[in-house]
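# Coordinates in review
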Amino acid sequence: MELFSKKNKETFLSPLWLNNPVAVQVLGICSALAVTSKLEPALVMGLSVTIIVAFANVVISLLRNTIPNRIRIIVQLVVVAALVTIVSQVLKAFAYDVSVQLSVYVGLIITNCILMGRLEAFAMTNKPWDSFLDGLGSGLGYALILVIVGFFRELLGSGTLLNFQIIPECLYDCGYMNNGLMVLPPMALIIVACVIWFQRAKNPDLQEKSN
Amino acid sequence: MNTNSNSYTIIYASIMVVIVAFLLAFVSSSLKGRQDKNVELDKMKQILTSLNVSDAEKADAESAYRKYVVADQIIDLNGNVIAQNGGFAIESKKIDNQLPLYVCKVDGETKYVAPLYGAGLWGPIWGYISFNSDKRTVYGTYFSHEGETPGLGAEIATAKFQSRFPGKVLQENGTVKVSVVKNGKVVDSSYEVDGISGGTITSKGVDKMLHDCLSKYANFFNK
């Protein structure tokens, strides 16, 4: 078995753009709204989801042949919740600053639809290594959208990026104002919609056929 | 093996639950010591931040804490000191009749630090406020929160917001004066602090927290 066969590459790359979990599959929208008013939490959330989804995929994929069909969703949830709890405990012990930053987002990871989606759709029927790549790709695809949204919301809403002032003071003196609407949740939806629009305009294949 | 039979499903579920329970209990108990230590160090850092101690010094929170904080007294509602040490062990959210008061020395001057605990928009907010030995003016503050909205309420945790406090009138004759008002509505800047634009409820929470927590120290202020 090749580690990076053509199929594996596609497993990893397609969720990044053409089959993006947020923009195309429209999963995980809720957290995309909640954590993107600044770039930093968006980055942290994107990375955490990537790590958790990749490892949950591996665990479920290893267990896939033993899981009783009727309780498979429960098993998936238990694995995800256990993983998230362990990661959060370890962070509290060894990287306290990071865990303070993550605070409530850690709990949000468990409820992220991308996790359940990937476990159910991919890890239940594929080998561990493929599942790992799929999890990594999906997580990064999710992170990509979060970062794009967080970038515009923080830049236009607060005039900063990662808390560094980007828009110069002199512009404010000339009457420029931060757009307060950018910080509020509706703008996240509008920016996600713009990303989807841009993506579909570039890739006509993604457009739904109108009858 | 038939993975769809009832007995298999029940046994599978039971074993899974037991394994996960043991795993979580093991992780939690083996990391408890380190976690508690981290919480303690973080509390020290928060107190040091309210004393405007530089980031470089805070890197070693424990020795910096010993250097600046002389005593963690416990005082009662009448303002009498009932213990010279032990205030640090009292959790901010459990403060009742025994009030922690940190006596500190910064550049040879005595400063006091009092803990704060209140409610923001989505969850608890907390902090520390330091004041001069005349008990009249604010020296520095530290605020933090559990889940306020980034960019709005969460701005209370930034140095930009906290730097608005030093120099404000803390109290007069035991009545708490320092307060946070709606953004742009400051009338008397000697004790009013500008709130956060778009974070009005969190700003109000900070105002209420300052008032509620410091009122308990009224008799101490009048001493």
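### With respect to the confidence of the model for chain A
In this model, chain A carries a mean pLDDT of 86, and residues with pLDDT of at least 70 account for 97%. Per-element confidence in chain A ranges from a low mean pLDDT of 77 for helix H5 (residues 96–102) of chain A to a high of 92 for helix H8 (residues 128–158) of chain A.

### A short note on the interface of chain A and chain B
At the junction of the two partners, chain A supplies 27 residues and chain B supplies 25 residues. Of the roughly 2300 Å² buried at the junction of chain A and chain B (both faces included), carbon and sulfur atoms supply 64%. Among the residues of chain A in contact with chain B, Arg70, Gln89 and Tyr96 of chain A are the three that bury the most area, contributing 22% of the side total. Where chain A packs against chain B, one counts one salt bridge. Between Lys38 of chain A and Glu155 of chain B there is a salt bridge, and its shortest N-O distance comes to 3.2 Å. Taken together, chain A and chain B are joined by nine residue pairs in polar contact (both at pLDDT 80 or more). When residues of the side of chain A that touches chain B are traced back to their parent elements, those giving at least two are helix H3 (39–63) and helix H4 (72–94) of chain A. Considering every element that reaches the side of chain A that touches chain B, the biggest residue donor is H4 of chain A, with ten residues. Residues belonging to the side of chain A that touches chain B are distributed by class as follows: 17 nonpolar, seven polar and three charged.

### A short note on unusual backbone geometry
Residue and element names in this part refer to chain B. With a phi close to 50°, Asp107 is a non-glycine residue in the positive phi region. Relative to the assigned elements, Asp107 resides in the loop between strand S3 (99–106) and strand S4 (109–119). With a relative accessible area of 73%, Asp107 lands in the exposed category. Non-glycine residue Asn173 carries a positive phi angle of around 50°.

### Things to note about the pairing of strand S1 (residues 69–75) of chain B
Residue and element names in this part refer to chain B. The buried fraction of S1 amounts to six of the seven residues, a majority that puts the element mostly inside the structure. Relative to S3, S1 runs antiparallel, the two being bridged by six bridges. Residue pairing in the sheet places Asp72 in a bridge with Tyr102 of S3. Where S1 lies against strand S2 (residues 81–83), two bridges are found, and the strand directions are antiparallel. Within the sheet, the bridge partner assigned to Ile74 lies in S2 and is Ala83. Hairpin connection from S1 to S2: five residues lie between these consecutive antiparallel strands, with Gly79 at a positive phi of about 90°.

### Side note on the pairing of S4 of chain B
Residues and elements named next belong to chain B. Note that S3 and S4 share five bridges and pair antiparallel. Its bridge partner being in S4, Val103 is matched across the sheet by Tyr112. Linking S3 to S4, which pair antiparallel, is a turn of two residues; within it Asp107 sits at a positive phi near 50°. Pairing of S4 with strand S5 (residues 124–132) involves nine bridges; the strand directions are antiparallel. In the strand pairing of S5, Pro115 is matched with Tyr128. The hairpin turn running from S4 into S5, its antiparallel successor, is four residues long.

### Let's talk about the pattern of salt bridges
Residue and element names in this part refer to chain B. On inspection of all chains with the given rule, the structure shows twelve salt bridges over all chains. With a closest N to O distance of 3.3 Å, Lys32 and Asp36 form a salt bridge. Remark: Asp36 and Lys32 occur in helix H1 (residues 6–50); sequence separation between them is four residues, near one turn of the helix. Here Arg136 makes a salt bridge to Glu172, at a shortest N to O gap of 3.9 Å. Of this pair, Arg136 sits in the loop between S5 and strand S6 (138–145) while Glu172 sits in strand S7 (residues 171–172), and the two are 36 residues apart along the sequence. Three or more residues joined by partner-sharing salt bridges are found here, namely Lys37, Glu40, Glu62 and Arg66.

Procedures and definitions
Residues numbered from 1 in each chain as written. Chains lettered and ligands numbered in written order. Predicted model: local features only at pLDDT ≥ 70, side-chain atom pairs only at ≥ 80, totals over all residues. Heavy atoms only, no water. pLDDT = per-residue confidence, 0-100. Helix = DSSP H or I, 4+ residues; strand = E, 2+ residues; numbered from the N terminus. Contact = heavy atoms within 4.5 Å. Buried area = accessible area lost by both parts, 1.4 Å probe. Salt bridge = Lys/Arg side-chain N within 4 Å of Asp/Glu carboxyl O. Polar contact = N/O pair within 3.5 Å; in protein donor to acceptor, adjacent residues only side chain to side chain. Nonpolar A, V, L, I, M, F, W, Y, C, P; charged D, E, K, R; others polar. Buried < 20%, exposed > 50% of the residue type's maximum accessible area, 1.4 Å probe, protein only. Pairing = 2+ DSSP bridges.

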